[in-house]
Amino acid sequence: MRRVVGVLVLLAAAAPLASVHAASLQATVLDEDGKPVAGAAVYAVPTTPDLRAPRNASIDQVNRQFVPQMMVVQRGAMISFPNSDNVRHSVYSFSEANRFTLKLYAGTAAPPVKFPNTGIVALGCNIHDKMVAWVLVVDTPFFGRTDASGKLVLNGLAPDKYTVRAWRPKMREEPAGEAVRIAADTTSVELHVPVDADAGTVAMAGMADMRN
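Residue numbers here run from 1 along each chain, matching the order of that chain's written sequence. The predicted origin of the model limits local features to residues at a pLDDT of at least 70 and limits the giving and counting of side-chain atom pairs to 80 or more, whereas totals for whole chains, interfaces and linings rest on all residues. Note that the side-chain values use all heavy atoms of the structure and ignore hydrogens as well as water.

Participant: Pulling in residues and values, what's your account of the sheet that holds strand β11 (residues 113–115)?
Facilitator: The strand order across the open sheet formed by three strands is β4-β8-β11, and the pairing between neighbours is mixed. Edge positions in the open sheet fall to β4 (57–58) and β11, since each of these has one partner strand only. Paired strands are those between which DSSP finds at least two bridges. Strands are runs of DSSP state E lasting at least two residues, helices are runs of H or I lasting at least four, and both sets are numbered from the N terminus onward.

Participant: How would you explain unusual backbone geometry if you had to name every residue and give the values?
Facilitator: A cis geometry characterises the amide bond from V67 onward to P68, with omega recorded as 0 degrees. With respect to the helices and strands, the residue P68 is situated in the loop between β6 (65–67) and β7 (70–74). One non-glycine residue with positive phi stands out, namely N63, at about 55 degrees. Structurally, N63 can be placed in the loop between β5 (60–62) and β6. Under the relative-accessibility criterion, N63 is labelled exposed at 65%. The backbone phi angle of R64 is positive, close to 60 degrees, even though this residue is not glycine. Within the fold, R64 resides in the loop between β5 and β6. Three labels apply to residues, based on accessible area from a 1.4 Å probe with only protein chains included: buried if under 20% of the type maximum, exposed if over 50%, partly exposed otherwise in between.

Participant: I'd like a rundown of the nonpolar core, residues and numbers included.
Facilitator: Working definition of a nonpolar core: buried Ala, Val, Leu, Ile, Met, Phe, Trp, Tyr and Cys residues. They are joined through side-chain atoms within 4.5 Å. With 32 residues, the main nonpolar core has L25, V29, A44, V72, L136, L157 and Y162 as its most contacted residues. When checking whether two residues touch, look at their non-hydrogen atoms; a contact exists if any pair is within 4.5 Å. Dropping the residues within four chain positions of it, V29 is found in contact with K35, P36, V37, A40, V42, T146, G150, L191 and V193. Counting 22 residues, the second largest nonpolar core, distinct from the first, contains F66, L123, A133 and V135.

What follows is the structure, encoded as structure tokens:
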């Protein structure tokens with residue numbers, strides 16, 4: 001197996017496509033020091049578009065933080081932003097993939113926001129500058145986040161060529177993808193991503209980018 005930073009590499013199996021009805025992708029994400037990366041997004045985009053409807057999601061606001069601070073959704077998904085704090089918030093994004101502003105509100109008064117474009121959407125609060133979160137919008141229903149051991153299993157993939165990527169906020173940009181063929185009941189892959197940068201520095205840089 002060759003090692004590619006930022007791109008998953010297929011460990012191919014010999015089973016013919018016609019004999020396989022659905023496959024699983026087992027991913028392990030490591031940093032450049034070989035340590036497992038928890039909470040990294042992994043997603044596989046098939047060559048043949050998957051037309052299933054996106055699942056909607058929710059990002060709460062608790063103790064003046066977004067919960068969760070990073071989410072992956074399929075293109076076209078609606079995200080609601082309930083406010084469980086005892087203060088009002090104003091959620092916004094200046095990211096090119098989806099620009100929006102929710103005026104000051106409390107509770108569940110804000111309408112859900114549609115995310116129609118793929119890409120990285122950085123979120124902030126106009127009232128509380130330290131509130132930062134990210135939404136990664138992908139053009140596939142096959143996505144998830146790694147567990148504490150840096151592992152993730154994606155199930156129900158049809159045999160096909162896929163562009164497979166992994167991302168987390170500290171990378172700030174999506175890596176280049178590589179076309180791989182998933183043609184077995186279970187395919188194992190390994191991904192190496194950059195070692196952690198200082199989270200606070202990256203967060204503030206991301207918000208500065210949004211305001212420029």
